[in-house]
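Structural characterization, general
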Amino acid sequence: MNMKILKYILSVLILTAFVSCEKNVIEYNTTPISDVAEFQLHYYVPVSAVAANNIYKVVVNDQLYANDKAPLATYNAIPNGAVGKFYQAPIGSQTIKLYQGQGATEKLVYEQPCSLVKGKQNVFVYDFAKPPVVFDNGYPYTTNVTENTDSTCWVKFYNFLYETDGTYTNLKLQYQYVDPRTKELKNVGQPVAFGETTGWVAVKVLKTDYNSAGSCRIDYKVKVVDASGAITGDLQIMNSKGVYAAYADYWTEYIGRRYHHVISGMRSSKTITAATRQFTAL
C-alpha cells in the first residue's frame, strides 16, 4: 500500500470519527439549583417514639414532600434513605403542614410559617405551636487534606431539650467529647441555650484498622454552664425508672463524616426521656 492511499484512508477515518462525535452529542438533563432554597426537615417535638406520632404527610406551600411511603419518624429528618439529600423549594415565605395518621385517621398537627433562603439549610420543628427554627447548613464543607489518612470528623450540636411537657430547658449546655488519643475531655464548640447550635466543630477520630475508612467509638458528655460561663456540673436527666443520672452517651464516628447531634426529649420525664440523636450530614 503506497503512502497516498494510506493518507487517504486515515483522512476518511478521522472525518468519520469527527462526524460520528457530532451526531452523538451526550447531553444531561439537569435543573440549575443556584436560585432555590434547599432544606432538610427535622422533627424534634417531644413525643413518644411510636408509629402513631410519625408524620405521614409533609406539605410545603401545597406541594407534597413526603407521605406514608417515606414518613418522617419521631426524632428524625427527611429526606431519608441517603446521606446528603435535600429538598428544593422557592426562596422566601413558606407554610409547612405536618399530618399524623393515615386515611380516615389523618390529622393536621402542624401549620406554621417558615422563611427559606438561597442555599442549604436545616429546618427544625420542635413545638407544634411554634414556627420552626432554621439553621444555615454550613455548606460547602471544609476538608482536611493530609499526606496520610485524616483523623477528623465534624459534629454540630443542637439544644432542643425540654424540662417537662411544654417547658423548654433554661439550661445552657456545653457539649464535650473524650479525645480517643489523649483521653482528655474537650469542648464541642461553645455552650448553647435552647434552640441554638454550636456550628460545625472538628472531633478527633482514632483510626485503629489501617485498611479501613477509619472509625472509632467517641464518648460524649454534657455539662451545665451558669450565667458567668463557668461549668457547674454534669447535666442530670431522668431515666425510665424515675431516677436522675449524669448524661453520658457514645457513637461510632467515621473519619471525614459530618454529624448533627440533637439533644431532645424531656429532662424530667421517665416516659419521654432525654437523649441525643445523631443524623449524618455527609
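This one's a predicted model, so the numbers in the text were calculated from it and none came from an experiment.

Brief notes about the environment of Tyr177
For Tyr177, the location among the structural elements is in strand S13 (residues 172-178). The exposure class assigned to Tyr177 is buried, which follows from its relative accessible area of 4%. Along the chain, Tyr177 and Lys221 lie 44 residues apart, while their C-alpha atoms are 6.1 Å from each other. Apart from the residues within four sequence positions on either side, Tyr177 is in contact with Glu184, Leu185, Lys186, Val188, Ala202, Val203, Lys204, Ile218, Asp219 and Tyr220.

Some points on the pattern of salt bridges
One pass over the structure, following the stated rule, counts eight salt bridges. In this structure, the salt-bridge partner of Asp219 is Arg217, at a minimum N-O distance of 2.8 Å. Here Asp234 and Lys223 are joined by a salt bridge, their closest N and O atoms 2.4 Å apart. Linking Asp234 in strand S17 (residues 231-234) with Lys223 in strand S16 (residues 215-225), this pair joins segments that are eleven residues apart in sequence. With relative accessibility at 32%, the residue Asp234 sits in the partly exposed group.

Some details on the nonpolar core
Among the nonpolar cores identified, the biggest contains 24 residues, and Leu173, Tyr175, Val203, Leu235 and Ile263 are the most heavily contacted of them. Top contributing element to this core by residue count: S16, with five residues. Listed in part, the 23 residues of the second largest apolar core include Ala37, Val45, Val47 and Leu116.

So, the confidence of the model for the protein chain
Averaged over all residues, the pLDDT of the protein chain equals 89, while 85% of them reach at least 70. Throughout residues 17-30 the model reports pLDDT below 50, and contacts reaching past four residues in sequence, or to other chains, amount to zero contacts.

Topic: the state of the cysteines
Here, the word disulfide means a covalent bond between the sulfur atoms of two cysteines. In the structure shown here, the tally under the stated rule is zero disulfides. The thiol of Cys153 is unpaired, and the distance to the nearest cysteine sulfur, on Cys216, comes to 8.1 Å. Given the relative accessible area of 0%, Cys153 is considered buried.

Notes on the sheet that holds strand S2 (residues 55-60)
Taken in spatial order, the four strands line up as S3-S2-S6-S7 in an open sheet, and their pairing is antiparallel. Edge positions in the sheet fall to strand S3 (63-66) and strand S7 (107-116), since each has one partner strand and no second. Across the sheet, the axes of successive neighbouring strands diverge by a mean angle of 25°, strand direction being ignored. Taken together, the three bridges between S2 and S3 define a ladder with antiparallel strand orientation. Looking across to S3, one finds that Val58 is bridged to Ala66.

Here is what the cut-offs are and how they apply
- Residues numbered from 1 in each chain as written.
- Predicted model: local features only at pLDDT ≥ 70, side-chain atom pairs only at ≥ 80, totals over all residues.
- Heavy atoms only, no water.
- Helix = DSSP H or I, 4+ residues; strand = E, 2+ residues; numbered from the N terminus.
- Buried < 20%, exposed > 50% of the residue type's maximum accessible area, 1.4 Å probe, protein only.
- Contact = heavy atoms within 4.5 Å.
- Salt bridge = Lys/Arg side-chain N within 4 Å of Asp/Glu carboxyl O.
- Core = buried A, V, L, I, M, F, W, Y, C linked by side-chain atoms within 4.5 Å.
- pLDDT = per-residue confidence, 0-100.
- Disulfide = S-S within 2.5 Å.
- Pairing = 2+ DSSP bridges.
- Axes fitted to C-alpha atoms, helices over the stretch in contact; angles between N-to-C directions.

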